[in-house]
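In case you want the letters, here they are:
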Amino acid sequence: MPPTTTTTAPAPTTAAAPPVDEEALMAFVGEAVTDVGRLLGGSMVVLGDRLGLYRALADAGPQTPAELADRTGTVERYVREWLSAQAATGYVTYEGDDRFSLPPEHTVVLTDEHSPACVIGAFETALAAVRSTDRLTEAFRTGDGVGWGEHHHDLYEGCERFFRPGYEANLMSTWIPALAGVEERLRAGATVADVGCGHGASTVLMADAYPASTFVGFDAHPESIAAARTRATEAGVSDRTTFEVRTAQEVTGAFDLACCFDCLHDMGDPVGALRALRGAIAPGGTVMLVEPMAGDRIEDNLNPVGAAYYGFSTLLCTPSSLSQDVGAALGAQAGEARLSRVAAEAGFTSVRRVAETPFNIVLELTT
């Protein structure tokens, strides 16, 4: 027999671990611990909103925990801990002598829901979103989506409260006037589709501002449509608004203006949605596309607004799109260039950026 030859495979090489910069390590530990406090702080903010703690601090000035608890019908021991946590994050100010206050600037951000600086709804939205962490853990492994209607019910009111102040401040003053010829048509009497209307904040605001026009809100989430009808009745605009449970692809008609407010990136087939809207606008009609503020490159979005939107997109927007047919998953940071490509693929020949805010970009689509 020929001799047996044994070949030993070479041992795999392992790259040496890079040296650890102790100063950078401890700096990052500090950042991580800060983020833990901020994560818990989101719940603190929602508690402060729901219990009227911020409003009572704003109305009555510096207070002790006992005084604040008495004004809000809450228990002093809980309020003391909440105030201490809020002081540690800088949301309230510890004045000494067991008294706490809310700075006037923070009052705007946390209580004034008519100001575009108010982000109280973002906290409610975020807290609802993180409740889906268990489901998203599995979705990361399977690639399955999580539908918009499958999240905690606070999500839908939170979204309305987050976006409505910006719409109230900008929609009639800046965005609509920037669209070529649209405001004149609305004042004379036009038909408007508000696609993905949610609780109807944008629909109701436009109907109140342009009483000669008629408005139809569409959303695939039945509970949101029911809320929108209630909002329209409460605002006294139900005579010129209707709301229907439909997807964007199911919208038909001959509208002078079709709007998509902060929702196209949530759709499974954004090209199909815009193609349907192109077919549903009258000759000379316009589509107004409002999307989250984003640059076209990742490095453009590495900032606090981008961090918030990427987080929302991971927990809400991308799973929503992946739960639908096509599952394009644009994400909340798609950027103007990608949105323009989607519009062009849907058949629009002109895409023009007409306005922007720290939170939104506004595009005019025409054929």
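Definitions and limits used
Residues numbered from 1 in each chain as written. Predicted model: local features only at pLDDT ≥ 70, side-chain atom pairs only at ≥ 80, totals over all residues. Heavy atoms only, no water. Patch = residues over 30% accessible without salt bridge, like charges linked within 9 Å, V, L, I, M, F, W, Y side chains within 5 Å. Areas by Shrake-Rupley, 256 points an atom, 1.4 Å probe, with all protein chains shown as cover. Salt bridge = Lys/Arg side-chain N within 4 Å of Asp/Glu carboxyl O. Helix = DSSP H or I, 4+ residues; strand = E, 2+ residues; numbered from the N terminus. Pairing = 2+ DSSP bridges. Axes fitted to C-alpha atoms, helices over the stretch in contact; angles between N-to-C directions. Contact = heavy atoms within 4.5 Å. Buried < 20%, exposed > 50% of the residue type's maximum accessible area, 1.4 Å probe, protein only.

## As for a nonpolar patch on the surface
Working step 1: Taken together, Val20, Leu25, Met26, Val29 and Val33 make up a surface patch of nonpolar side chains, about 450 Å² in accessible area.
Working step 2: Along the chain, Val20 falls in the segment before α1 (22-50).

## Details of the sheet that holds strand β7 (residues 281-292)
Working step 1: Spatially, the 7 strands line up as an open sheet ordered β5-β4-β3-β6-β7-β9-β8, and their pairing is mixed. The outermost strands of the open sheet, each flanked by one partner alone, are β5 (241-245) and β8 (350-356). Taking each pair of neighbouring strands and ignoring which way they run, the sheet shows an average axis angle of 20°.
Working step 2: The pairing of strand β6 (residues 255-261) with β7 spans 6 bridges and is classified as parallel. Bridge assignment links Leu257 to a residue of β7, and that residue is Thr286.
Working step 3: Sitting on the sheet, helix α11 (residues 222-235) touches β4 (214-219) and β5, and the angle it makes with β5 is about 170°.

## A short note on the environment of Trp82
Working step 1: Relative to the helices and strands, Trp82 resides in helix α4 (residues 76-89).
Working step 2: For Trp82, a relative accessible area of 5% translates into the label buried.
Working step 3: Distance from Trp82 to Gly48, taken between C-alpha atoms, is 8.3 Å for residues 34 residues apart in sequence.
Working step 4: The contact partners of Trp82, leaving out residues within four places of it in the chain, are Met44, Leu47, Gly48, Leu53, Tyr54, Leu57 and Leu68.

## Describing the pairing of strand β1 (residues 93-96)
Working step 1: Pairing geometry for β1 and strand β2 (residues 99-101), over 3 bridges, is antiparallel. The partner of Tyr94 across the bridge, within β2, is Phe100.
Working step 2: The hairpin formed by β1 and β2 contains 2 residues between the paired strands, and Asp97 there has a positive phi angle of roughly 55°.

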